[in-house]
Each structure stands twice: as structure tokens, then as C-alpha cells.
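# Descriptive analysis of the structure
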Amino acid sequence: MSDDNDSRRRVRQSTDQRDWTQDDVPTVDVQVRPVPPSGELVPCFVVVSGGQIGRVFALRADEAVIGRGSEADICLAESSISRRHALVYKDEQHLVSIRDLGSTNGTFVNGVASAEQALSAGDRVQLGKVVMVKFEYHTALEDDFLAQLYDAGVTDPGTGIFNRRYFDTHLQADFSLSSRHGTPLTLVVFDLDYFKLINDTHGHPVGDAVLRQFANLLRSRCRVEDIVARYGGEEFVLILRHTTRSGAEQLVRDLLKRTATHVFRHAGCEVHITASAGIASTEGPDLYPEPQALLAAADAALYRAKASGRNRVELDTVEPLPA
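All values derive from a computational prediction rather than experimental measurement.

## Details of the packing of helix α5 (residues 204–221) against helix α6 (residues 245–261)
Relative placement of two packed helices is described by the angle separating their axes and the distance separating the axes. Contact geometry for α5 and α6: axes closest at 11 Å, N-to-C directions at 145°. In terms of crossing hand, the pair formed by α5 and α6 is right-handed. Contact with α5, carried on its side by Phe214, Leu217, Leu218 and Arg221, involves Leu251, Asp254, Leu255, Arg258 and Thr259 of α6 and no other residues of that element. Residues of the contact of α5 with α6, tallied by class, amount to five nonpolar, one polar and three charged.

## What to know about the side chain of Glu78
In this fold, Glu78 is placed in the loop between β4 (74–75) and β5 (86–90). Given the relative accessible area of 12%, Glu78 is considered buried. Within the structure, Glu78 has its side chain in polar contact with the side chain of Ser80 (distance 2.4 Å). Not counting chain neighbours up to four residues away, the residues in contact with Glu78 comprise Arg68, Val130, Val131 and Leu177.

## Considering the pattern of salt bridges
Where side chains of opposite charge bring their charged atoms close, a pairing between them can arise. All chains considered together, the criterion is met by 18 salt bridges. Salt bridges sharing partners connect three or more residues here, namely Asp191, Asp193 and Lys306.

## As for the layout of surface pockets
When its volume is computed, the largest pocket comes out at roughly 610 Å³. Lining the largest pocket are 28 residues, and of these Arg55, Phe162, Tyr166, Val224 and Ile227 lie nearest its centre. When residues of the lining of the largest pocket are traced back to their parent elements, those giving at least two are β2 (56–58), β4, α2 (140–154), α3 (164–181) and β13 (227–232). If one sorts the elements of the lining of the largest pocket by residue count, α2 sits on top with four residues.

## Brief notes about the nonpolar core
In terms of nonpolar packing, the biggest core is built from 31 residues, with Phe190, Leu192, Phe236 and Leu238 touching the most fellow members. Of all the elements in the fold, those that place two or more residues in this core are β12 (185–192), α4 (195–202), α5, β14 (235–241), α6, β16 (269–271) and β17 (275–281). When sequence neighbours within four positions are dropped, the list of residues in contact with Leu238 reads Thr186, Leu187, Val188, Phe190, Leu218, Cys222, Ile227, Val228, Leu251 and Leu255. Counting residues in hydrophobic clusters, the runner-up holds 22 residues, among them Leu185, Val189, Leu294 and Leu295.

## Concerning the sheet that holds β12
The five strands lie next to each other as β13-β14-β12-β17-β18, forming an open sheet whose pairing is mixed. Unpaired on one side and paired on the other, β13 and β18 (313–315) mark the two borders of the sheet. Ignoring strand direction, the axes of neighbouring strands in this sheet form an average angle of 20°. Pairing between β12 and β17: seven bridges, direction antiparallel. The partner of Leu187 across the bridge, within β17, is Ala280.

## Re empty space enclosed by the protein
The tally for this structure, following the rule as stated, stands at two cavities of 30 Å³ or more. Forming the boundary of the largest cavity are Val47, Gly50, Gly51, Gln52, Leu76, Ala77, Glu78, Val131, Thr169, His170 and Ala173. In terms of residues, the lining of the largest cavity owes the most to one element, α3, which gives three residues. Grouping the amino acids of the lining of the largest cavity by side-chain chemistry returns five nonpolar, five polar and one charged. The space that makes up the second largest cavity amounts to roughly 30 Å³.

## Section: the sheet that holds strand β7 (residues 107–109)
As summarised here, the arrangement of the six strands in space is β2-β1-β11-β10-β7-β8, forming an open sheet in which the pairing is antiparallel. Each having just a single partner strand, β2 and β8 (112–113) make up the two edges of the open sheet. When strand β1 (residues 42–49) meets β2, the two strands line up antiparallel, connected through three bridges. Counted as the bridge partner of Phe45 is Phe57 from β2.

Cut-offs and rules
- Residues numbered from 1 in each chain as written.
- Predicted model: local features only at pLDDT ≥ 70, side-chain atom pairs only at ≥ 80, totals over all residues.
- Heavy atoms only, no water.
- Axes fitted to C-alpha atoms, helices over the stretch in contact; angles between N-to-C directions.
- Helix = DSSP H or I, 4+ residues; strand = E, 2+ residues; numbered from the N terminus.
- Left-handed = near helix turned anticlockwise from the far one by under 90°.
- Contact = heavy atoms within 4.5 Å.
- Nonpolar A, V, L, I, M, F, W, Y, C, P; charged D, E, K, R; others polar.
- Buried < 20%, exposed > 50% of the residue type's maximum accessible area, 1.4 Å probe, protein only.
- Polar contact = N/O pair within 3.5 Å; in protein donor to acceptor, adjacent residues only side chain to side chain.
- Salt bridge = Lys/Arg side-chain N within 4 Å of Asp/Glu carboxyl O.
- 1 Å grid on protein atoms, 1.4 Å probe; cavity = no way out; pocket = protein on both sides within 12 Å on 5 of 7 lines; lining within 4 Å.
- Points joined across faces, edges and corners; volume = space filled by probe spheres on them.
- Core = buried A, V, L, I, M, F, W, Y, C linked by side-chain atoms within 4.5 Å.
- Pairing = 2+ DSSP bridges.

Below, the structure written as C-alpha cells:
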């Protein structure tokens, strides 16, 4: 018996001391069937890379389409994701699977290209070239907590609309989509006229109320797929997808008219205010090489509007940049 133990010990020591390479490691193809969760858990995707890191998408319906199109149930605005990229569905045992819908850049589960794959908790799903989500099961309480945590990171606390960080991320993603597909992307920058005078005259609580109500006015007139954000101070921005200059100008003129006629009220105080706006668009042949150039053009148009008397809108120059 002692000879057998010595033999096992020598074999184990020899194995531990060996300098293994990747080619030496044996591989075993084992198919593990996922275990369905209890009815109290909700399947979720948590974004771990891409433009919406930390966002949680709960899968409450029997199926959901993932894509960058506004009609997708799980909308991920990234240029390498197809409009209808993948389908997530539950079977009769409530197990969750993902099926690629013929996407351009593929769907990968744990690094392996997959046409269709059942998912287990902890699986990482890459969609296109940039976005990766982690598949998990959460309780309703966990889902609510993570949603609140994400909202706190992308929402401006003073107005309830998106913050500058969210705007910067989506401007980059939407600009890439516009460049890739040749669709117009239009940016609008607003600035409230003489806003400092409101704070000096009525106090900051009234000024804060005016900012909130103006943000609500912007949000009420925009589409679901548009991005409405506070850029800083009394400046606000809109990202308008698939929108031409003329379409944006019509929207902005309506918004400026509504702002000028609206009565902003707070704690018995009534305030009247106007706004100025600048518009820049990718509509046209190679006007802007990068999103920051588009933003700079909209900002320059805004300052022309303010220099021209305020309560007006100006458009970017539409001459192509020199080669």
C-alpha cells in the first residue's frame, strides 16, 4: 500500500512541476443545460461595455428584440449593432435563449460566435464589436436598485433629464451611425436668455424651477428616440436622429415660441423668459469629421443667435470643410 501512495505522490509532483502550455491543456466538450430559476427571479441583461455601462434590461416578456433601431425592445444605440440584431426568448421551461437575427457583426456568447444559444447566469453576450452584456437573474428589489443606480449616473438631478456624460456618450455613438449609413444627425444647443438676472432678482429656488420647467417643455415636444440633456448651467442640448436642418428648425422655432409665451411659476412667483438656439447637422457632404466639430458648429450658431438679439435660432454654415 505504501508503494502505491509513493507512486501517486510522484505522479502528482511531476504534474505540478510541469511547465504547461496552452496546447498541452486537454479540452473536453461538455454541454451543460441551464437550470431554470425560481419564479421570484427575473432574467436580466446588464451592460458591461459600450455606451450604456451599468444599464439593466429586465426580460419580463416571453421575447424581446435587441437592436439599435428605436423599434427594438432593448435599444442599444451603437453603430456596429444591427437595427434588429438578436432575439431573446423563453421556452416552455422558462429557460432563456438568444438567437442572432442575421446581424452584420454577429452575436457571441462567452467569446464564441453563436447563431442560437441557451443562456446561463453569468454568460457574457457580445453584440457587434463593442457592446457586451452579462446575463443574470435578479430579484425585483435588485432590479429596482440597479435601475436607480444607473439613473443616478446618467440623469441631471436638477432637471430630471439626461446629464452631460450621457449626452457625450450618445453623441459619439449617433455620429458614428450617421457617418456609416449616411443619415442626417442634427444637434441643437439652447441657452436661456439673461438667466443670471432671474437668479439675482428672484433667488436660486425660482431659477432652479425655471430650469426644470424648461427641461419638461423640451421633453414634451421631442420624440422618444431623441436625446434631451442638460449640458451645463442654463444650456440644454438635443440630439435629433434622422432629422434634417429644416425639420430641426421647425421644431426649434415652435419651442422658442412656446418658451416666450409660457409663464414659469414657483412659490407664487411668475417669470417670463426667452431662449436662443443654434443648430448644426451632418446633412450634406462630409461637413464634419468628428462629433466635437458638429457640437462646435452648433455652439457657434448659438452665439450668433445671442449676438443677433436673442430669442432666435441660427443654423450652421453648410459649406463643406476645406480638404
